[in-house]
Amino acid sequence: MTLGRKLIFSASLAAIAAGGSAWAQDAEDDDRKLDIVTVTGSFIPGTPEDAALPVDVLTAADLKLEGNPTITDLIKNLGVSSGSDGQTNQFASNGLEGTSNINLRGLGPARSLVLLNGRRQTFHPYGIGEQAQLFVNTNNIPSAAIGRLEVLKDGAAALYGSDAIAGVVNFITRDDVDGFEFSAEYSQFDGSDGDYRLSGQYGLQGDNYNWVTTVEYQKRTEVPLLEKDWAISSFADNPVGGFSSLSNPGYYVDLGNGAPVSDAAGCTALGGTLAPFCRFQFTQFDNLVEEEEQLKVFTEYNREINGGDLHLELLYSNIDVPEWKTSPSYPPQALTGQVVPSTHPGYLQYQADNPGAFTGAPALFIGRTFGWGGFPGTGGAQEGSREYDAWSFSGSYNGTFSNDVNYDFAATYSTVEGYRLTNDTYVGGLSAALNGFGLCADQITGTPNAGAVAGQGGCEYYNPFSNAIQSSAITGAVNPGYVAGLENSVALADWLTDPTETTNDTSLLVLDAVFSGESNVQAAGGAVGWAAGAQVRRETYKVDPSDLTDLAVTPGLGGTGPFSFLAGTNSADEDQTIYAVFGELQIPLFDNLDLQVAARFEDYGGEVGSTFDPKVAGKWTINDNFALRGNAQTSFRGPTLNQLSGTVTEKVK
């Protein structure tokens, strides 16, 4: 895979508010603090107002005005953010329940660089969609610890390298807490049992040091889609609103004459819609909000040592989605093995109750194993789980040499381990159970045990007909066509279903060295500022599937795994080391015209290769209220390790 590159031009008109007596004292304090920091988008100290860069800054006072939002809510409220995933349900999070990300300018989360105190964090180990875009899970950051948020609304590959195509978001933590602070928040809406967030901070402020620790706990309760009328539409109003043509009750093809046969009476009795065959609305079993718990701890220590500033920080995050709700079963990707034999007791009963519907020959079942009657093991939705553990440690030392050259050395290590469990139906097991060998066969191959007799000695038939379903799992309506003794047992349902499981982890080690200062070169507007630096990144990516999910261990009947909907995956253990050097100049051409020139060389090695990306940006201050910014640059995004290995977990056939 090679690096993708783009040449980007942009221009913006910035409105600059004039200062006045209306500014509160807190805002003035925040401005004074901004004067001594390096602004996101540049390695040369300055302020957003001085930079030739479109940087938005949200201070602690701004966050208070927004009601101290969660990280997810904060991201959603950013004007430059669009289409970000941040909810806990499977439809609004691309199957990444429990995560949140940033999508600047709608270019995709993988193209927005996320920093914590100016340092890179490792990717979440599960990607988005078919492009397998890895991203930084911003849910790992405790919102109570955030003191300032800087958003660079501009490409920054010339300084930061890969991922900074759409822009950069830098979360900067509080180091000014003195004593103990506590916050509690509770929210509730119709259908919810309430969500709450608790946070506590303790800070020590010494003569030449400070130590601040934040602990945050957040709990979200489950909200089914059925709790909201607007979330569920009829087939007539919205035929693509969560409806599937593969239902249970389903329909059949009589293999004697090839005619389709619909289980129409059972479909309508249990809540389905005929169009022309039974339609199953799987979203009625899903949640609008999944149950979720988040525990986050962040601590930082700052100290002046030998004329420099030492910064140490540690982050831990645990995100748990213990009962992720989904359809009672998934639709099969292949239907040819779902043949009902002519001796099947459920089939015989259906023919007795519906004379002439079939010829008596075997029938092909077109549908899913469990639908309107729910999954027997739960009485409703099928359940899975997701859990993510993240650690991050960073240390830096910065100061100024005697020749007024600034230095900043840093090392950052972060890692995330994720676990996902999703249940699915065995292809071989279903074929065996249709023939009466449920509980008495190899679920992967479908081969009956030696001496097993269909429907006898503990062997059970799986019954796909509506006469197996006593009542609707959604409405509770009794099915008049139900026949006692033909239902599918909990034991059989559990035997037919097993989880696909993967444990993925990523890690990132970053070494940074940056030098900056003012040169002796004078432009009309002042001295030319400069910065130069180097970076080394070491990335790892591992996939550890369960034996049932690992294609090398369990290829299944068709080579894509043993399950009917979710394909297996391969184990992976990948790593890469990336080397980069970069430089920057800030040139005040005139009092009202500032220019930034930057460039970065980044080497991925191997087949990926290297890239050189320059950038030129300028800011023309027209008057105290308006300024014009523009830039021209090349940008790139290097491939992530999952893309290089071609490994995508829980692939759909």
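This structure is a prediction, so every number in the text was calculated from the model and none was measured. (Residues numbered from 1 in each chain as written. Predicted model: local features only at pLDDT ≥ 70, side-chain atom pairs only at ≥ 80, totals over all residues. Heavy atoms only, no water.)

J.: Lay out the side chain of N318 in plain terms, naming residues and giving numbers.
T.: Here N318 shows up in strand β18 (residues 308-326). With a relative accessible area of 15%, N318 lands in the buried category. Polar contacts involving the side chain of N318 include one to the side chain of E387, which spans 3.1 Å. In this structure the side chain of N318 is engaged in a polar contact, spanning 2.9 Å, whose partner is the side chain of D389. Discounting residues that sit within four places of it in the chain, N318 has contacts with E293, Q294, L295, E387, Y388 and D389. (Helix = DSSP H or I, 4+ residues; strand = E, 2+ residues; numbered from the N terminus. Buried < 20%, exposed > 50% of the residue type's maximum accessible area, 1.4 Å probe, protein only. Polar contact = N/O pair within 3.5 Å; in protein donor to acceptor, adjacent residues only side chain to side chain. Contact = heavy atoms within 4.5 Å.)

J.: So what's going on with the sheet that holds strand β14 (residues 273-274)? Residues and values would help.
T.: Sheet architecture is open: 3 strands sit in the order β11-β15-β14, paired in antiparallel fashion. Looking at the sheet topology across the chains shown, the edges are occupied by β11 (243-244) and β14. Of the strand pairs in this sheet, β11 and strand β15 (residues 278-281) are connected by 2 bridges, and their pairing is antiparallel. Considered in β15, the bridge of S244 is made with F280. (Pairing = 2+ DSSP bridges.)

J.: I'd like a rundown of the sheet that holds strand β13 (residues 260-262), residues and numbers included.
T.: On the basis of which strands lie adjacent, the open sheet formed by 4 strands has the order β13-β12-β20-β19 and antiparallel pairing. For this open sheet the edge positions go to β13 and β19 (339-340), each flanked by a neighbour on one side alone. Relative to strand β20 (residues 363-366), strand β12 (residues 251-254) runs antiparallel, the two sharing 4 bridges. From the neighbouring strand, D254 faces β20, where its bridge partner is A363.

J.: I'd like a rundown of the state of the cysteines, residues and numbers included.
T.: By definition, a disulfide links the sulfur atoms of two cysteines through a covalent bond. For the coordinates displayed, the defined rule picks out 2 disulfides. Note on cysteine connectivity: C267 is disulfide-linked to C278, with sulfurs 2.1 Å apart. When the S-S torsion is 85°, as for the bridge of C267 with C278, the disulfide is right-handed. Taken together, the positions of C267 in helix α5 (residues 264-269) and C278 in strand β15 put the pair 11 residues apart, joining distant regions of the chain. Residue C278 is classed as buried on the basis of its relative accessible area of 2%. Bridging C440 to C459, the disulfide has an S-S length of 2.2 Å. On the sign convention where negative means left-handed, the S-S torsion of about -110° between C440 and C459 marks this disulfide as left-handed. Linking C440 in the loop between α7 (427-434) and α8 (490-496) with C459 in the loop between α7 and α8, this pair joins segments that are 19 residues apart in sequence. Take C459: its relative accessible area is 6%, and that puts it in the buried class. With its disulfide-bonded cysteines labelled consecutively along the sequence, the protein is connected as 1-2, 3-4. (Disulfide = S-S within 2.5 Å.)

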